[in-house]
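# A structural walkthrough
Next come the chains, spelled out residue by residue.
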Amino acid sequence: MELAKNLQTTINRSYGKTDLYVDLAQSISGVLLIGFLWMHMLFVATIVVSPELFNTLSEGLDRYYLAQVGIPATILLIIVHIFLALRRAPVRLRDMRITYRMAKMMNHYDTWVWVGQVVSALFVGVMASIHLWIILGAWPLRAATSAARVASTGPADATWGAFTFPFFIVFYVIFLIAGEYHGGFGLYRILVKWGWWERHTMGWVLKGITVIIVGLGIAALYTFTQIAASLPAGGVIH
Amino acid sequence: MGRQLTISCFRYNPNIPGDKPRMQDYKLEEYEGMTLFVALNDIREKLDPTLMFDFVCRAAICGSCAMLINGRPRLACKTMTRTLPSRFTVMPLPVFKLIGDLSVDTGTWFRDLQVRAEAWIHTNKKFDFNALEVRMDNKIAEDIYDPEQCIECGCCVANCITANIRPDFIGSTGINRLYRFLIDPRDERTDAEYYEVIGNEDGTFGCVGLMACDDMCPKEIPLQENLAYVRRKMAAAGLKLTFQGVKIS
Ligand code: HEM
Ligand code: FES
């Protein structure tokens, strides 16, 4: 930094409020998304209680247009969030190199976690798009359709060597962990930046919540596979 | 007999044409109560008079001996060698201009920061040197003492990814500096005036919350608390001002 450049440009620069609004909006988008994600996982986990409860909830969301409004709103929110949060990510090669080197050299926990947040964000971005594409392609969402999807294997096609692989379950487990990691530590960071709480205690609380939610997600996936196994072969779903 | 220490030092003198950055090993014997500051002086005295590094106070007060010790920014004079493995590395702090070997120029960076952050008491009161000094409330004095402990060693700048990739970011030390004036009743600046100085991406809103500063501050200043306070305060100032129709930009 040269003193002269900064004396002339920085002191006399008028910032206005854009930086504040953008920073605030980023944190708000983060809070809303993590709120959505946790609620979403609780809703999905109703399958563990009973498929009827899952269906009642799902039908309710459709009947009162909560799904029809909620899903586009969430998609919009994710897009906004990507625009806001990506300004903070090291996007230039030079910045990536510095980030990786510093993290490795210092071996500092919170810095590594942030690197993980940025990497998991890429997974979440790609996987959320695939996830949305698939569920919206087989609307409406009911216990049986979800179970059949989660348990489906592929490609079992002769031209592909007739092998089968449970792509969906692998996809969902990775998606679940990446999403919870990104969101859970994201909330941690928001609270560190704005909050009053001592961050180590707060970090453990959030890790606890994250482990519970991941557990619920795994339980829901397992329940889906069990339901799928009890469905009539050929996938007559209802 | 103490341990045999191997200190792997970064060597590079930008003033010698053709000099190349490299690591050089120095072996020396450790003794009771040895700090890295003592070890480096031993090296310079007995092994290599050309090794460059800075120190003044050797008591964690002046902030000149900060360097990367096994990859983490710390004060050499506050680091006991017995807390380190028998082989370790020392390198100069990143971000700051390299003078040579372990020596960096933190002065220019901090001078620039003080100017940008307007790090001095702003008051319209005329100073009367015959009058008794106004007494300060003990609670406030103690509150100010905390951020005021900063010795400008540069550790929190060096370990901050944001400061490393964005040269205009004022860093944890800069925000903490402003915090010190924010809570000082003698400074008559309004929140809007503070906002103008740090209510931006180069200031408080540029912090990503990586907290390496909080974890590694040699003076153990509660940076998480101080930074969050400034962020809330500046957000409130920014939002409220719109509300009252006052323009700050
Ligand atoms: C359900 C999906 C998502 C949730 C729940 C979520 C949640 C969060 C939260 C809570 C934060 C912290 C925000 C802050 O510090 O102010 C964050 C940061 C971040 N998010 Fe997301 N996010 C999601 C999807 C994405 C996607 C798809 C991307 C990009 C491809 C992304 C990129 C980022 C980045 C780069 C950060 C770091 C920003 C920073 O540290 O300042 N996120 N996210
Ligand atoms: S020599 Fe002064 S802080 Fe280390």
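Residues numbered from 1 in each chain as written. Chains lettered and ligands numbered in written order. Predicted model: local features only at pLDDT ≥ 70, side-chain atom pairs only at ≥ 80, totals over all residues. Heavy atoms only, no water.

## Thoughts on the pairing of strand 6 (residues 97-100) of chain B
Residue and element names in this part refer to chain B. Stated precisely, the cut-off is as follows: Pairing between two strands is assigned when DSSP locates at least 2 bridges connecting them. In this description a helix means any DSSP run of H or I spanning at least four residues, a strand means any run of E spanning at least two, and both kinds are numbered starting from the N terminus.
Here three bridges tie strand 6 to strand 7 (residues 103-105), and the two strands are oriented antiparallel to one another. Note that in strand 7 the partner of Gly100 across the bridge is Ser103. Counting the residues in the hairpin turn of strand 6 and strand 7 gives two residues, including Asp101, whose phi is positive at 50°.

## Some points on the confidence of the model for chain B
Residues and elements named next belong to chain B. Spelled out, the test is: Scored from 0 to 100, pLDDT reflects the predictor's confidence in each residue. Here, two residues are considered to be in contact whenever any of their heavy atoms come within 4.5 Å of each other.
Model confidence for chain B is summarised by a mean pLDDT of 92, while 96% of its residues fall at 70 or above. Confidence drops under a pLDDT of 50 for residues 243-249, and excluding neighbours within four residues, the segment shows nine contacts in the predicted structure. Here the prediction assigns the complex a pTM of 0.90, and the interface score ipTM is 0.90.

## Focus on the sheet that holds strand 5 (residues 87-91) of chain B
Residue and element names in this part refer to chain B. Put simply, the rule is: Inter-axis angles, ranging from 0 to 180 degrees, are taken between N-to-C directions of lines fitted to C-alpha atoms, where helices are fitted over the stretch in contact.
Sheet architecture is open: five strands sit in the order 2-1-5-3-4, paired in mixed fashion. At either end of the open sheet lies a strand with only one pairing partner, and these are strand 2 (22-29) and strand 4 (72-75). Ignoring which end each strand starts from, the neighbouring axes of this sheet average 35° apart. Sheet strands touched by helix 1 (residues 36-47): strand 1 (4-11), strand 2, strand 3 (66-69) and strand 5. Its angle to strand 2, the strand with the most contacts, is close to 95°.

## Here we look at the coordination of the iron atom of ligand 1
Residue and element names in this part refer to chain A. To be explicit about the condition: Any N, O or S atom lying within 2.8 Å of the metal counts as a donor, and for Na, K and Ca the limit rises to 3.2 Å; water is left out, so some sites can look incomplete. For a four-donor site, all angles between 85 and 135 degrees give tetrahedral; for four or six donors, opposite pairs above 155 degrees with the remaining angles between 65 and 115 give square planar or octahedral; all remaining cases count as irregular. Throughout this description, buried means an accessible area under 20% of the type-specific maximum (1.4 Å probe, protein chains only), exposed means over 50%, and partly exposed covers the range between.
Protein-derived ligands of the iron atom of ligand 1 are His81 (NE2) and His182 (NE2), with the metal-ligand distances lying across 2.0 Å. Every donor counted, the six donor atoms about the iron atom of ligand 1 form angles of 88 to 180° at the centre, which fits octahedral coordination. Note that His81 is positioned in helix 5 (residues 66-86) and His182 in helix 9 (residues 167-194), a separation of 101 residues in sequence. Its relative accessible area of 16% is what places His81 among the buried residues.

## Focus: the pairing of strand 3 of chain B
All names here are of chain B. Burial along strand 3 is two-sided: the face carrying Ala66 and Leu68 and the face carrying Met67 and Ile69 are both buried. What sits between strand 3 and strand 4 in their antiparallel hairpin is a turn of two residues, with Asn70 showing a positive phi close to 50°. Relative to strand 5, strand 3 runs antiparallel, the two being bridged by two bridges. Bridging from a neighbouring strand, Ile69 pairs with Val90 of strand 5.

## Comments concerning the pattern of salt bridges
Rule in force here: Only one rule defines a salt bridge in this text: a Lys or Arg side-chain nitrogen within 4 Å of an Asp or Glu carboxyl oxygen.
Enumeration according to the criterion identifies 25 salt bridges over all chains in this entry. One salt bridge in this structure joins Arg180(B) and Glu148(B), with 2.5 Å as the shortest N-O distance. Of the two residues, Arg180(B) is situated in helix 6 (residues 171-182) and Glu148(B) in helix 3 (residues 138-148); the sequence distance between them amounts to 32 residues. Classification of Arg180(B) as buried rests on a relative accessible area of 9%. When salt bridges that share partners are traced, they join Asp23(A), Arg87(A), Arg88(A), Glu201(B) and Arg231(B) into one network.

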